[in-house]
Amino acid sequence: MQISWKVEYSLGIAEMDAEHVRMIEMMARLESVDGRPDALRTVGKVINDLVDYVGTHFMHEEDLMEKAGYPHLERHREQHRVFAQKVYDMRSRASLDAHTVHQFLQQWLGEHILKADRDYVPYVQRWLDNRGAEGGLE
């Protein structure tokens, strides 16, 4: 199944949606590498890019949740730590096939963006609305 941005992934929080789009674009590079001579190198590059990017994304997301007073922040942080560790562990494996990585990332999209991230949206949206009403003060 193809990884691509879908309307149902949208959280309605522009910064988070843009970062999720960027991660999905990285993941999509895995879809046509099976059987190619550069497959292992491409998978390694995607994993490296994700390791670098998810740290930044998770920091942004957790910062928003903290500012918004999201009550399940620690549970969400733990999910981020587990995902980041799995991606990091993939990077250290000698050989990875694109299909395995693709499946793992696709499952993450379904489990995390569509479920866990949706849970913080009302808190963050309320905080963003209040911040805007107060003249943009943080």
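Bear in mind the structure is a predicted one, so any value in this text is a computation, not a measurement.

What counts, and where the lines are drawn
- Residues numbered from 1 in each chain as written.
- Predicted model: local features only at pLDDT ≥ 70, side-chain atom pairs only at ≥ 80, totals over all residues.
- Heavy atoms only, no water.
- Helix = DSSP H or I, 4+ residues; strand = E, 2+ residues; numbered from the N terminus.
- Buried < 20%, exposed > 50% of the residue type's maximum accessible area, 1.4 Å probe, protein only.
- Contact = heavy atoms within 4.5 Å.
- Areas by Shrake-Rupley, 256 points an atom, 1.4 Å probe, with all protein chains shown as cover.
- Phe/Tyr/Trp six-rings, centres within 6.5 Å; stacked < 30°, edge-to-face > 60°.

(A) Highlighting the overall build of the chain. Secondary structure assignment for the chain yields four helices and zero strands. Secondary structure of the chain in N-to-C order comes out as α-α-α-α. For the chain, the spread of C-alpha atoms along the three principal axes comes to 55 × 25 × 20 Å. Expressed as a percentage of the 138 residues in the chain, the buried residues total 41%. Put simply, of all contacts in the chain between residues at least 6 apart along the chain, 72% involve residues at least 24 apart. Carbon and sulfur atoms provide 52% of the accessible area of the chain, an area that totals close to 7700 Å².

(B) Molecular detail of the side chain of Asp-49. On the secondary structure map, Asp-49 appears in helix H2 (residues 39-68). What makes Asp-49 buried here is its relative accessible area of 16%. Residues in contact with Asp-49, not counting those within four places in the same chain, are Met-26 and Arg-29.

(C) Representation of the packing of aromatic side chains. Counted by the stated rule, this structure contains seven aromatic pairs. Ring plane angle 55 degrees and centroid distance 6.3 Å describe the contact between Phe-58 and Trp-108, whose orientation is recorded as tilted. Taken together, the residues Phe-58 in helix H2 and Trp-108 in helix H4 (residues 98-133) connect sequence positions 50 residues apart. For the pair Phe-58 and Trp-108, one class covers both residues: buried. One aromatic cluster is present, built from ring pairs that chain together Phe-58, Phe-83, Phe-104 and Trp-108.

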